[in-house]
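# Residue-level structural notes
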Amino acid sequence: MTARIIDGKATAANLRQDVAGAVATLKADHGITPGLAVVLVGEDPASTVYVRNKHRQTLEAGMNSFEHRLDASVSQDKLLDLINTLNADPAVNGILVQLPLPDHIDPAAVIDTIEPAKDVDGFHVVNAGRLATGLPAMVPCTPVGCIILAKQVHADMTGLNAVVVGRSNIVGKPVAQLLLNENCTVTIAHSRTRDLAGVCRSADVLIAAVGRPEMIKGDWIKPGATVIDVGINRIPKDDGKTRLVGDVAYDEALEIAGAITPVPGGVGPMTIACLLRSTVEATCRQNGLEPML
Ligand code: GUN
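Structure report, in brief.

This paragraph deals with the overall build of the chain. Counting secondary structure elements, the chain contains 10 helices and 11 strands. Relative to its length of 293 residues, the chain is compact, with a C-alpha radius of gyration of 19 Å against a globular reference of 19 Å. Projecting the C-alpha coordinates of the chain onto the three principal axes gives extents of approximately 50 × 40 × 35 Å. Residues counted as buried form 49% of the 293 residues belonging to the chain. Accessible surface for the chain amounts to roughly 13500 Å². Of this, 51% is attributable to carbon and sulfur atoms.

The following block contains the structure:
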């Protein structure tokens, strides 16, 4: 049987509509326009595309977008000065510094400087700690997108075996935390895991976040499982052009999984939609209002 394809593009479009509705209410009822500041250092091509899309979608949702582009040679101190200015600016409710940063800048020092209440990426240790201990937190966007998509298949995830492949701070660890909050039995697997294929085969819900093109093969998947593919890898084609593939061998997986996210059009579009939602949530909290979404 062919798997159900989970439509991240449509889900993200719906979420953006909900965000736009919440923004309209914040403006009409409270005179508040949420503002998102995005900082891009250098000209990494993928980052430049992401930042352009964030800017456009932020404006489309009715929010203010503040873009700060800094030269790749900017000093760490200058970048930290900018973040401190944004921390103090009441028009800025969310701050995102696009990663990766040039080698001479320590990402931990940058993330540590962002005011936790404005940390819409949810990368600050205060937010990671709050998530881990069950307190209200700003939660990383891609993991939230993964859970929203998985819940389209499993409205109640209680008791499911969830396997996360990848242990990054941006996706692997926070998505495992969110799965635990959904009452899943969670395994975090990684490059040193013994019998990775066997571990994957135990998953009712498999989250692939390794960043290796098509690493997870069809026969690593339990028949009927839900597969959420976070990977976005550009690989060369025979004709010299390139194409995007996930961390899962999609064509093989399609024949075995019960449901699967495509690449592109799965988790990818959810990330910015969740970022917009986080910005609204941050704005509400900063103004003493209940989260609206
Ligand atoms: N680079 C790739 N993904 C992300 C993300 O979610 N947030 C930031 N800040 N940088 C990224």
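Having seen the structure, we can now continue with the description.
If you walk across this open sheet you meet the 6 strands as β1-β11-β8-β7-β5-β6, and the pairing is parallel. Bordering the open sheet on either side are β1 (4-5) and β6 (185-189), each of which pairs with just one other strand. In the packing of helix α6 (residues 141-153) onto the sheet, the strands contacted are β1, β7 (205-208), β8 (226-229) and β11 (259-260), and the crossing angle to β8 comes to about 160 degrees.

Attention now goes to the pairing of strand β2 (residues 35-41). In terms of residue burial, β2 counts as a mostly covered element, since 7 of its 7 residues are buried. Between the parallel elements β2 and strand β3 (residues 64-70), the chain passes through helix α2 (residues 45-60) in a crossover that is right-handed. In the sheet, β2 pairs with strand β4 (residues 94-97) via 4 bridges, with the strands oriented parallel. Each bridged residue has a counterpart across the sheet, and for L36 the counterpart in β4 is G94.

Here the focus is empty space enclosed by the protein. On inspection of all chains with the given rule, the structure shows 2 cavities of 30 Å³ or more. Surrounding the largest cavity, V97, L99, V110, I111, I114, D119, D121 and F123 form its lining. Approximately 30 Å³ is the volume attributed to the second largest cavity. Around the second largest cavity sit R277, V280, E281, P291, M292 and L293, which together line it. Here the residues of the lining of the second largest cavity sort into 4 nonpolar, no polar and 2 charged.

Let us look at α2. With 16 residues, α2 extends 23 Å from end C-alpha to end C-alpha; this agrees with the ideal 22 Å at 1.5 Å per step. Here α2 has its buried residues at S47, T48, V51, K54, Q57 and T58. On its buried side, α2 packs onto α1 (8-30), β2, β3, β4 and α10 (267-286). After α2 finishes, the residue G62 shows a positive phi value of roughly 90 degrees.

With that out of the way, let us pick up the layout of surface pockets. As a volume, the largest pocket reaches approximately 1400 Å³. The element that contributes the greatest number of residues to the lining of the largest pocket is α2, accounting for 9 residues. Residues of the lining of the largest pocket, tallied by class, amount to 26 nonpolar, 13 polar and 9 charged. For the second largest pocket, the calculated volume is near 470 Å³. Around the second largest pocket sit 23 residues that line it, and G122, F123, A128, N169 and I170 are the ones nearest its centre. Taken together, the elements giving at least two residues each to the lining of the second largest pocket come down to α4 (107-113), α5 (125-132) and α7 (172-181). Class assignment for the residues of the lining of the second largest pocket results in 16 nonpolar, 5 polar and 2 charged.

How each quantity is defined
Residues numbered from 1 in each chain as written. Predicted model: local features only at pLDDT ≥ 70, side-chain atom pairs only at ≥ 80, totals over all residues. Heavy atoms only, no water. Helix = DSSP H or I, 4+ residues; strand = E, 2+ residues; numbered from the N terminus. Rg over C-alpha atoms; globule rule 2.2 N^0.38 Å. Buried < 20%, exposed > 50% of the residue type's maximum accessible area, 1.4 Å probe, protein only. Areas by Shrake-Rupley, 256 points an atom, 1.4 Å probe, with all protein chains shown as cover. Pairing = 2+ DSSP bridges. Contact = heavy atoms within 4.5 Å. Axes fitted to C-alpha atoms, helices over the stretch in contact; angles between N-to-C directions. Right-handed = clockwise from strand over helix to strand, strands pointing away. 1 Å grid on protein atoms, 1.4 Å probe; cavity = no way out; pocket = protein on both sides within 12 Å on 5 of 7 lines; lining within 4 Å. Points joined across faces, edges and corners; volume = space filled by probe spheres on them. Nonpolar A, V, L, I, M, F, W, Y, C, P; charged D, E, K, R; others polar. Expected span 1.5 Å × (residues − 1).

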